[in-house]
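Architecture and fold: a report
The residues making up each chain are set out below.
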Protein chains: 2
Amino acid sequence: MKNKTNNKPLKGILVLEFCQYLAGPSAGLRLADLGARVIKIENPGKGDLCRILPIKDQWVKNNSLLFHTINRNKESYTANLKSVEELDNIRKLIEEADVIIHNFRPGVMKKLGLDFDQAKECNPELVYAEISGYGKVGPWGKKPGQDLLVQAMSGLMYASGDRDDAPTPFGLAIGDILCGAQVVQAILAALVYKNRKKKAIKIEVSLLESLIDFQFEIFTTYFASGKLPKRSLVNNAHALLGAPYGIYKTKDGYIALAMIPLQDLKEIIQSDLLNEYDQSMVFSKRDEIKSILVDLIKENSSKFWIEKLLAKGLWATSLKNWKELKNSQSYEFLKLEQEIQISINQSFKTNRCPIRINGEIMWGSVPAPDLGADNEVIKKEFNLNPEHS
Amino acid sequence: MKNKTNNKPLKGILVLEFCQYLAGPSAGLRLADLGARVIKIENPGKGDLCRILPIKDQWVKNNSLLFHTINRNKESYTANLKSVEELDNIRKLIEEADVIIHNFRPGVMKKLGLDFDQAKECNPELVYAEISGYGKVGPWGKKPGQDLLVQAMSGLMYASGDRDDAPTPFGLAIGDILCGAQVVQAILAALVYKNRKKKAIKIEVSLLESLIDFQFEIFTTYFASGKLPKRSLVNNAHALLGAPYGIYKTKDGYIALAMIPLQDLKEIIQSDLLNEYDQSMVFSKRDEIKSILVDLIKENSSKFWIEKLLAKGLWATSLKNWKELKNSQSYEFLKLEQEIQISINQSFKTNRCPIRINGEIMWGSVPAPDLGADNEVIKKEFNLNPEHS
């Protein structure tokens, strides 16, 4: 085992990852960080296309920094899946695997001879997880999934930003990450279940369904009221929450106000402008109240407001950017970074798995594999035909 | 079992949920939707405070619609945890449980006699999951967690919106949801593990660590370059991706452009203004290129652009709001809604679990319990002292 931490819960679980880009590999990474052995099955030519996906033009050993970040703790085995001979080797790996994850477009695995029904012939206890863009059924069923485009199709872009702003994307690949997280949940639930039933299990999750699930508050409210939620005119932070919920500019920065009873806020701010409003109006007069607060709060410093708010035990904070967070004492205490040693001369820093188990951090600092780096070892270990791949 | 679908993977798993608001209950809901039996342990007075948390002022039977939405498929057992006698009943439940989840502030469970070490005395194979705001160590260790405030502390608000915009929150409770998802992952990993080791396992996850994990691309890039990522001046959609990634206004709406090679875009748009730019400049001249695209794209309709882009197989789409999505044919095919029947006369619609297992949707339409609704049944079933609670 290459992992630093020995007591990982998924030790002994073998995962074959037929995935590229972000959703599938992020699921593989979580499983690896929790102790599973994850083998990426890659095309011998280019491999996972994320290897060449530039993020801020940062590269490590000719692969993108993003690839390195989310493919830590994995092995790489290359196979031309269109070759019948090489497929034999893959089938032998499937016999030994606990889990397959793939995010090929609908239909591709079947053509290769590796869909659920074909794979379970090799391994009747396999957990087989499929990630798609739009759920495989209906007119969008065969569309490839991409995070920004699925965000655009899901309504999510009308949740952030203010009312008169353009549709505002979540500034990170939220669909990929949530979908990857749900694939992990489903795989592990299936492993719990399989121990009882001893049969193969197929899991399906899609980026679109993940983003709809994420918006359950919005959809449920929309179904109930028949009205589309509206972002607030100013300082929107959650289209469904009343005033003052939002980020407010102060004389020298920004503060966040979460659920704070209006009466408490009135006592702190002490302005006649707020006299006519009470708690019963935080939804109906949300934008009016927030607009007044914008004018009042900008007159004093963040420190001025935060001291008064915290003295009353109210939900408020000043903001931190990434640098300020990194320089905070709590960040240091939490041990949030790990060093990935690529070679004697080269390393990079990244975050760690957010889960602690029995007080231990699930470190996982083995660097991402070069394309096909583990072919020879895997062939020997699993008794594959050494001529192929 | 109250669930519609019989073949759920977590059937037989008993979870005690000492949680309120969103992160913990969302974890409980996922476990319930996957087949676990989830009992909310609530204070006899008010119960989970989410019962009275208004979301868009929508209420169902005196409880907030949000509470109903994320506490489907659960039971409610009320106990005054400060009473020694009632604690005996709780300890008996713990003896039978597989999992405890709690999101009390650090120290509270210990005071109650229910921290990990105390709980595992009752049940040496328990999986015990703790959710905190900031990870329990360091100067923020005892701060209570709230989604907007943790977003504000995590740097995340500098990821969405354009460069000159105020810090822009993700317009949904992203910290709660991701943290809840990771708790589920860890719990299930522990159940997989426990089957091998037969010992109690403690899990810790915090909102802050979840949001830092979510931003791994940003942090890793920041560590590598020493520079804070900057949102683009216009149409920001991901601070680390080059032009044209973003949402563009057209004559009659908006379109999303994901990773599209600049050359392809130049062939479609055909403007001299783009002549001097090539693929090597999509990072260094990101904002210049995007600003030019803004001016060019607004001259024609969404349909005009999307037809040309899709004809070339490029990553683009027009946008849908929630209503347009709901009215789409794919939405219907995916069967995304379920009806929760509260009483003979009352029901509401909500989303379903996004995971399919063996082709089956994990329906879970049992309504959220009234406070203490299951006390009598649970007392009998688990042979508790009927005088207490």
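We now turn to the structure provided with this report.

Reading the values: the criteria
Residues numbered from 1 in each chain as written. Chains lettered and ligands numbered in written order. Predicted model: local features only at pLDDT ≥ 70, side-chain atom pairs only at ≥ 80, totals over all residues. Heavy atoms only, no water. Least-squares fit on C-alpha atoms with pLDDT ≥ 70 in both. Contact = heavy atoms within 4.5 Å. Pairing = 2+ DSSP bridges. Helix = DSSP H or I, 4+ residues; strand = E, 2+ residues; numbered from the N terminus. Axes fitted to C-alpha atoms, helices over the stretch in contact; angles between N-to-C directions. Buried area = accessible area lost by both parts, 1.4 Å probe. Salt bridge = Lys/Arg side-chain N within 4 Å of Asp/Glu carboxyl O. Polar contact = N/O pair within 3.5 Å; in protein donor to acceptor, adjacent residues only side chain to side chain. Nonpolar A, V, L, I, M, F, W, Y, C, P; charged D, E, K, R; others polar. Buried < 20%, exposed > 50% of the residue type's maximum accessible area, 1.4 Å probe, protein only. Core = buried A, V, L, I, M, F, W, Y, C linked by side-chain atoms within 4.5 Å.

**Considerations on the relation of the copies chain A and chain B**
Structural alignment of chain A on chain B gives an RMSD of 0.0 Å, achieved by rotating through 180° and translating 0.0 Å along the axis. Here the symmetry operator amounts to a two-fold rotation axis. Counting the interface residues of chain A, we find that 100% of their copies in chain B are interface residues as well, pointing to one common contact surface.

**A short note on the sheet that holds strand β15 (residues 360-361) of chain A**
Spatial ordering of the open sheet is given by β15(A)-β14(A)-β8(B)-β7(B)-β6(B)-β1(B)-β2(B)-β5(B), a layout of 8 strands whose pairing is mixed. With partners counted over all chains shown, the strands left at the sheet margins are β15 of chain A together with β5 (74-78) of chain B, one partner each. Note that strand β7 (residues 127-132) of chain B and strand β8 (residues 201-206) of chain B share 6 bridges and pair parallel. The residue bridging B:Y128 from the neighbouring strand is B:K202, located in β8(B). Its contacts with the sheet place helix α3 (residues 84-96) of chain B against β1 (14-18), β2 (37-42), β5 and β6 (99-102) of chain B, and it is angled at close to 140° to β1(B).

**Thoughts on the sheet that holds strand β14 (residues 356-357) of chain B**
One open sheet holds the 8 strands; their spatial order is β5(A)-β2(A)-β1(A)-β6(A)-β7(A)-β8(A)-β14(B)-β15(B), and the pairing between them is mixed. Each end of this open sheet is capped by a strand with a single partner; those strands are β5 (74-78) of chain A together with β15 (360-361) of chain B. The strands that helix α7 (residues 174-197) of chain A touches are β6 (99-102), β7 (127-132) and β8 (201-206) of chain A; relative to β8(A), the one it contacts most, it runs at about 165°.

**Points about the interface of chain A and chain B**
Tallying the contact residues gives 138 residues for chain A and 138 residues for chain B. Between chain A and chain B, the buried area comes to about 12500 Å², and carbon and sulfur atoms account for 71% of it. Counting across the chain A and chain B interface gives 6 salt bridges. Run the count over chain A and chain B and you get 29 residue pairs in polar contact (both at pLDDT 80 or more). The dominant element in the side of chain A that touches chain B, judged by the number of residues it contributes, is α7(A), at 16 residues. A class-by-class count of the residues in the side of chain A that touches chain B yields 83 nonpolar, 35 polar and 20 charged.

**Focus on the environment of A:A27**
Residue and element names in this part refer to chain A. Within the secondary structure, A27 is located in helix α1 (residues 23-33). Residue class for A27 comes out buried when judged on its relative accessible area of 0%. Each C-alpha atom, one on A27 and one on L178, is 9.5 Å from the other, the two residues being 151 residues apart in sequence.

**Examining the nonpolar core**
Counting residues in each nonpolar core, the largest one holds 164 residues, and the members touching the most others are A:I101 and B:I101. If we ignore the near neighbours within four places in the chain, the residues touching B:I101 are B:V15, B:L16, B:E17, B:F18, B:C19, B:A27, B:G28, B:L31, B:A129, B:I131, B:V183 and B:I187.

These results come straight from atomic positions and should not be treated as a statement about function.
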